[in-house]
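A look at the structure
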Amino acid sequence: MRLVLLGPPGAGKGTQAEKLSKEYKIPHISTGNILRQAVKLNTPVGIKANSYMTKGELVPDKIVIEIVAERLKEPDSKNGFILDGFPRTKQQAESLDSMLKSVNMPLDAVIYFHTTDQVVISRLTGRRVCKKCGANFHIKNIPPKKAGVCDFCNSVLTQREDDKEDTIKNRLNVYKNETAELIDYYKKSSMLKTVSGDLDINEAYQVLVKALKNDSIKV
Ligand code: AMP
């Protein structure tokens, strides 16, 4: 199964991608996660990407397309993949199309998580992450057992720099100006399925799995 998850930041793409990845045993490829790791390790890509990311701007297409092209060459992508946060521009979408066409592995579906600015702001301002193991929490919706401490590795939870309210507003504007047009792009190829991003995690997952099964997508 080859999927793209599309939608604004905070719509639940990452959470659902994790669940799908476990269920279908295919990699969850998040360009945001790959870039954050590069920043953490201070690699040349990380150094270039950091200033865009902290402002909530998009990292230049060339850098991100290269990352995805390399990642899709890894053996674990051969059985399928879930792309989360890529593509985010028309140029990225067109590059993805030609990458997949050249290896005769077209996308099976694009899932669009539809939600409102209000839901996004409340989800992202409350999000807390563990820098050590990468687990995600939310101060109200998914609280850790002990406030401020990761359930899995006991490390201190932090707020992502780009989850501060002003940066979230900028990320939403960037989404509307640069990414939202991809909804029409994929509608044209009749690949698009819309799922409400306002549902709770398990409900959204049930709807998602049903939508994928109804379409008899090969898994
Ligand atoms: P995310 O975790 O998907 O919200 O991504 C965090 C940040 O990484 C974004 O705000 C961008 O700065 C950068 N980023 C992630 N994916 C892309 C992409 N496909 N194109 C450009 N920038 C990206």
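Note that the structure is a prediction, hence the values are computed from the model and not measured. Throughout this document, residue positions are counted from 1 along each chain, in the order its sequence is written. The predicted origin of the model limits local features to residues at a pLDDT of at least 70 and limits the giving and counting of side-chain atom pairs to 80 or more, whereas totals for whole chains, interfaces and linings rest on all residues. Side-chain descriptors were evaluated using all non-hydrogen atoms of the structure, hydrogens and water having been removed beforehand.

1. Some details on unusual backbone geometry
Across the junction of Phe-86 and Pro-87, the peptide omega takes the value 0°, indicating a cis bond. Elements are defined by DSSP. Helices are runs of H or I of four residues or more, strands are runs of E of two residues or more, and each kind is numbered from the N terminus. By secondary structure assignment, the location of Pro-87 is in the loop between β3 (81-84) and α5 (90-102). Positioned with a positive phi, Asn-104 is a non-glycine residue whose angle comes to about 55°. By the element assignment, Asn-104 lies in the loop between α5 and β4 (109-114). Looking at Asn-104, the relative accessible area reads 66%, which means it is exposed. With a 1.4 Å probe rolled over the protein chains alone, any residue whose accessible area is under 20% of its type maximum counts as buried; one over 50% counts as exposed, and the rest are partly exposed.

2. As for the packing of aromatic side chains
Aromatic pairs are defined between Phe, Tyr and Trp rings, using the six-membered ring for Trp, whenever the two ring centres lie within 6.5 Å; interplanar angles under 30 degrees are classed as stacked, those over 60 as edge-to-face, and all others as tilted. A full pass over the atoms with the stated rule returns 2 aromatic pairs. Ring centres of Tyr-185 and Tyr-186 lie 5.0 Å apart, and the angle between their planes is 90°; on these two criteria the pair is classed as edge-to-face. Taken individually, Tyr-185 and Tyr-186 each receive the classification buried, so the pair is uniform in this respect. Whether a charge sits over a ring comes down to the Lys NZ or Arg CZ being within 6 Å of the ring centre and within 35 degrees of the ring normal. Just above the ring of Tyr-205 sits the side chain of Lys-19; from NZ or CZ to the centre is 5.0 Å.

3. Digging into the sheet that holds β4
The pairing criterion is simple: DSSP has to find at least two bridges between the two strands. Taking strand neighbours across the sheet as the criterion, the 5 strands line up as β2-β3-β1-β4-β8 in an open arrangement whose pairing is parallel. Sheet topology places β2 (28-30) and β8 (192-196) at the edges, where each strand pairs with a single neighbour. The sheet shows a mean angle of 25° between the axes of neighbouring strands, direction not considered. Throughout, a residue-residue contact means that at least one pair of heavy atoms, one from each residue, lies within 4.5 Å. Under this scheme, a helix contributes an axis fitted over its contacting stretch, all axes are lines through C-alpha atoms, and angles between N-to-C directions fall in the 0 to 180 degree range. Its contacts with the sheet put helix α9 (residues 201-214) on β1 (2-6), β4 and β8, and the angle it makes with β8 is roughly 160°.

4. Re the environment of Leu-96
The residue Leu-96 is located in helix α5 in this model. Overall, Leu-96 belongs to the buried group, its relative accessible area being 0%. Between the C-alpha atom of Leu-96 and that of Ala-69, which follows or precedes it by 27 residues, the distance is 8.1 Å.

5. Observations concerning the UniProt feature "binding site: AMP" (unreviewed entry) in the chain
When the UniProt feature table is mapped to this numbering, "binding site: AMP" (unreviewed entry) covers Thr-31, Arg-36, Glu-57, Leu-58, Val-59, Gly-85, Phe-86, Pro-87, Arg-88, Gln-92, Arg-160 and Arg-171. What stands out for the annotated residues spanning 141 residues is how far apart their C-alpha atoms range, the widest pair being 24.8 Å apart. One can find Arg-36 in helix α2 (residues 31-40). Setting aside residues no more than four positions away along its own chain, Arg-36 makes contact with Ser-30, Met-53 and Arg-160. As for its placement among the helices and strands, Val-59 is situated in the loop between α3 (44-55) and α4 (61-72). You can call Val-59 buried: its relative accessible area is 7%. Residues contacting Val-59, with those up to four places away along its chain left out, are Leu-35, Ala-49, Tyr-52, Met-53 and Val-64. UniProt positions are given in the numbering used here, feature names are shortened, and annotations may be inferred rather than shown by experiment.

6. Structural notes on the site of the ligand
Near, as used in this document, describes a residue that has one of its heavy atoms within 4 Å of the molecule or strand being considered. In the region of the ligand, 16 residues are neighbours, and Thr-31, Glu-57, Gly-85, Arg-88 and Gln-92 sit closest. Taking Val-59, its main chain carries an N or O atom lying 3.0 Å from a nitrogen atom of the ligand. Calculation on the ligand without its partners gives an accessible area of 480 Å², and the protein chains cover 95% of this total. In terms of residues, the shell around the ligand owes the most to one element, α2, which gives 4 residues. Across the shell around the ligand, the residue classes tally to 6 nonpolar, 4 polar and 6 charged. Think of a polar contact as two N or O atoms within 3.5 Å of one another; within protein, one of them needs to be a possible hydrogen donor and the other a possible acceptor, and neighboring residues in sequence only count if both atoms come from side chains. The protein chains shown are the only cover counted for residues, whose accessible areas, like all others here, come from Shrake-Rupley with a 1.4 Å probe. Ten residue types, Ala, Val, Leu, Ile, Met, Phe, Trp, Tyr, Cys and Pro, are classed as nonpolar, four, Asp, Glu, Lys and Arg, as charged, and the remainder, Gly among them, as polar.

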